[in-house]
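In case you want the letters, here they are:
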Amino acid sequence: MKKKSLDMYQICIILIFGILAVLTLYPFYNVLILSVSNTVSVANHSIYLFPYTVDFTGYQTILQDHKFLSAFQVSLFVTIIGTAVNMFLSVTGAYVLSKRELIGRKVFLTMILFTMLFNGGLVPTYMIVKQLNLINRIWAMILPTAINTYYLIIMKNYFLQLPAGLMEAAKLDGANEAQILVKIAIPISKPFIATFALFYSVERWNEWYNALLYINVEKFAPLQIYLRDILIGLNSQLSAQAQQMLHSSQKVSTTVVQMATIVITAVPIICVYPFLQRYFVNGIMVGGLKE
Amino acid sequence: MIDKQKLIKAKKRAKNDALLYLLLLPVLAWYILFCYLPIAGGISLSLRNFRFDMGIWNSPFVGLTHFKSMMSDGDFIRAAKNTLIISMGRIFFQMPCAILVAIFLNEIRAEKLRKRFQTIITFPHFISWVVLAGILSNVFGSGGIVNQLLALLGMEAISPITQSDSFRVFIWLSNIWKEVGWDSIIYLAAITSIDPGLYEAAEADGAGRLQRIWHITLPGIKGTVAIMLILAIGQVMTNGSFDQIFNLYSSPVYKVGDTLDTYIFRESFINGGINYGYSAAIGMFKSLIGVVLITISNKIVTALGENGLY
């Protein structure tokens, strides 16, 4: 009797989460099937579950757009170089701040934590970035977000709980702190560090805010800004191009082009997601803000 | 002899520390350039009438004028009110949702299934609001899947994103959709650290499932909830909603959806209607409120016997 009711309970919970999972994923799936449809299939059918046609004209339109290719390259650059900068600063910073005996450590930590509470605000930050001569430079999408304080603190907490003995032994052998970091601390933390590299790279790939603020030139517009322009319909050249195809035998609607762009923008995240979730599920992100 | 050894040790220590400081230097330089310089600039600018030819440090000093004029600026008051309402809604709706998701995910016995559900509902967290706004605009658009289904059921079409009576609800729900999985991770971690012996003892005493949740799980995550609550309260004026709202809102919903962040952005960079000094003053106001609120809520939480943030 008890066993049976227990199963009912499990079934109910699993059912509810099943519905939640469908609600989470369906909008993405809907975009995917719309991205391979065309004007005719959109007009004639309501597309719920399966595409009526598989037509890649939307993707072709995007891939032929030189602005897309430029935006893709910018995003790739920002993601690779940006993540490298992120990781260099976060790993060295976290390592040094994990040294309990360092004089002034408390002061540095307080100074860093304070910035989570108090910031200069939009316009003053813009003015400083401008004074640093970063406007319309690709570095404006990398330097202002070079450190995520939250990640830095979690990484510091991680380094704090590494076995001290190993590092002390290396120190007695004459290794200096930089050598210990590179030869011991980083190698024994590889999966942890890789996780944060992934977190940072997702952030950099999703970068649009700094670009919105600091980049006014087309050649440095990242993919997210390109997508934004397409969604709002600012990209007149592309809609003209789509229109041209519309009159030709190939039928493509702006919606299809928009959906195809969304898919292309999201695909890299989907690719790294399996690696990401392996670690955050284990609760690695929960280092907390406290010492 | 002993003194000599001490001296060598001290020398070694100094050398060691010098290298650590050197390693920390780029990090400190970054915090000074990209956090403290803007804070200093923000304080300076908020007390000045900005002039392009004089810059943030030398424009004419006007004292607290900007802060006073905020109090009679209808658009500012509206934006402050909206910010507060949207943040409060997040605390009241999104936090309990995340806690519920964590509790019931933890109840799933099949570990593989549990992890799979968690993986799925956490996924939207990693997608940018630019992409999500595109997806949601399509799904809830006039020809979108939601309205197709409503039409099929013979119901009236809806457009929650562009209508002012549904915009806030849409903002709350869509943020829950994006973040509930992610938010639940921290509570799930707290739940898994509860001593399983407590559950066994309660079961032996004949406590039902809901009783166990009520008397063991909830008290067990109280501390985590308190910390998250303090953090959320400290952020009611900023709450990181800029990305979401900026990508979803439009002029018909300004009156319910325009927040301080979007207001400052629009007036400073798109309309150019306000003085940069005034924008900076609003920014300072936001940060100050945040510090005050986080201090107060931390005091309350510690007074109630929980561990606070500091």
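As shown above, the structure is provided for reference.
### Examining the overall build of chain B
Scanning chain B from terminus to terminus reveals 14 helices and zero strands. From first element to last, N terminus to C terminus, chain B shows the α and β order α-α-α-α-α-α-α-α-α-α-α-α-α-α. On C-alpha atoms alone, chain B measures out to a radius of gyration of 25 Å, which is more than a quarter above the 19 Å that the 2.2 N^0.38 rule sets for 310 residues. Overall, chain B is about 75 × 65 × 35 Å in size when its C-alpha atoms are taken along their principal axes. Taking as baseline every contact in chain B between residues at least 6 positions apart, the subset at least 24 positions apart corresponds to 64%. Summed over all atoms, the accessible surface of chain B reaches about 15000 Å², with 65% contributed by carbon and sulfur. The averaged location of the 20 negative side-chain charges in chain B is 10 Å from the averaged location of its 27 positive side-chain charges.

### A short note on the overall build of chain A
Helix and strand content of chain A: 14 helices and zero strands. Listing the helices and strands of chain A from first to last along the sequence gives α-α-α-α-α-α-α-α-α-α-α-α-α-α. The contacts in chain A between residues at least 6 apart in sequence include a share of 75% that link residues at least 24 apart. Here chain A displays about 13400 Å² of accessible surface, and carbon together with sulfur accounts for 67% of that area.

### As for helix H6 (residues 129-139) of chain B
Counting buried positions along H6 of chain B yields ten of eleven residues, so the element is predominantly enclosed. Listed in full, the buried residues belonging to H6 of chain B are Trp129, Val130, Val131, Leu132, Ala133, Gly134, Ile135, Leu136, Asn138 and Val139 of chain B.

### Re helix H8 (residues 167-192) of chain B
Residue and element names in this part refer to chain B. The terminal C-alpha atoms of H8, which comprises 26 residues, lie 37 Å apart, in line with the 38 Å expected from a rise of 1.5 Å per residue. Where H8 bends most, the angle comes to about 55°, and this point is Glu179. Among the 26 residues of H8, 21 are classified as buried, and the element is accordingly described as predominantly covered.

### A closer look at the nonpolar core
If you look at the biggest cluster of nonpolar residues, it comprises 142 residues, and the most contacted ones within it are Phe159 of chain A together with Tyr31 and Phe76 of chain B. Considering each element in turn, this core owes the most residues, twelve residues, to helix H4 (residues 66-97) of chain A. Taken together, domain 1 (2-46) and domain 2 (71-303) of chain B each give at least three residues to this core, which thus spans both. Sequence-distant contacts of Phe159 of chain A, defined by excluding residues within four places in its chain, comprise Val91, Ala94, Tyr95, Ser98, Ala185, Ser189 and Ile193 of chain A. Ranked by size, the runner-up nonpolar core spans 29 residues in total, among them Tyr9 of chain A together with Leu105, Val180 and Tyr199 of chain B.

### Quick notes on unusual backbone geometry
Negative phi characterises most residues that are not glycine, and trans characterises most peptide bonds. Residues and elements named next belong to chain A. Residue Asn133 is not a glycine yet carries a positive backbone phi of 65°. With respect to the helices and strands, the residue Asn133 is situated in the loop between helix H6 (122-131) and helix H7 (149-160). The partly exposed category is assigned to Asn133, whose relative accessible area is 47%. Phi is positive for Asn136, which is not a glycine, with a value near 60°. Relative to the assigned elements, Asn136 resides in the loop between H6 and H7.

### Thoughts on the interface of chain B and chain A
How big an interface is tends to be reported as the loss of accessible area on association of its parts. Listed as interface residues are 87 residues of chain B and, on the opposing side, 95 residues of chain A. Summed over both sides, the interface between chain B and chain A buries roughly 8200 Å², with carbon and sulfur atoms accounting for 77% of that surface. The tally of links from chain B across to chain A stands at zero salt bridges. Sort the elements by how many residues they give to the side of chain B that touches chain A and helix H1 (residues 2-46) of chain B lands first, with 24 residues. Residue composition of the side of chain B that touches chain A, grouped by class: 63 nonpolar, 16 polar and eight charged.

Analysis parameters
- Residues numbered from 1 in each chain as written.
- Chains lettered and ligands numbered in written order.
- Predicted model: local features only at pLDDT ≥ 70, side-chain atom pairs only at ≥ 80, totals over all residues.
- Heavy atoms only, no water.
- Helix = DSSP H or I, 4+ residues; strand = E, 2+ residues; numbered from the N terminus.
- Rg over C-alpha atoms; globule rule 2.2 N^0.38 Å.
- Contact = heavy atoms within 4.5 Å.
- Areas by Shrake-Rupley, 256 points an atom, 1.4 Å probe, with all protein chains shown as cover.
- Lys, Arg positive; Asp, Glu negative; His and termini not counted.
- Charge placed at Lys NZ, Arg CZ, Asp CG, Glu CD.
- Buried < 20%, exposed > 50% of the residue type's maximum accessible area, 1.4 Å probe, protein only.
- Expected span 1.5 Å × (residues − 1).
- Bend = angle between axes of the 7 residues up to and from the residue.
- Core = buried A, V, L, I, M, F, W, Y, C linked by side-chain atoms within 4.5 Å.
- Domains from an automatic or database assignment.
- Buried area = accessible area lost by both parts, 1.4 Å probe.
- Salt bridge = Lys/Arg side-chain N within 4 Å of Asp/Glu carboxyl O.
- Nonpolar A, V, L, I, M, F, W, Y, C, P; charged D, E, K, R; others polar.

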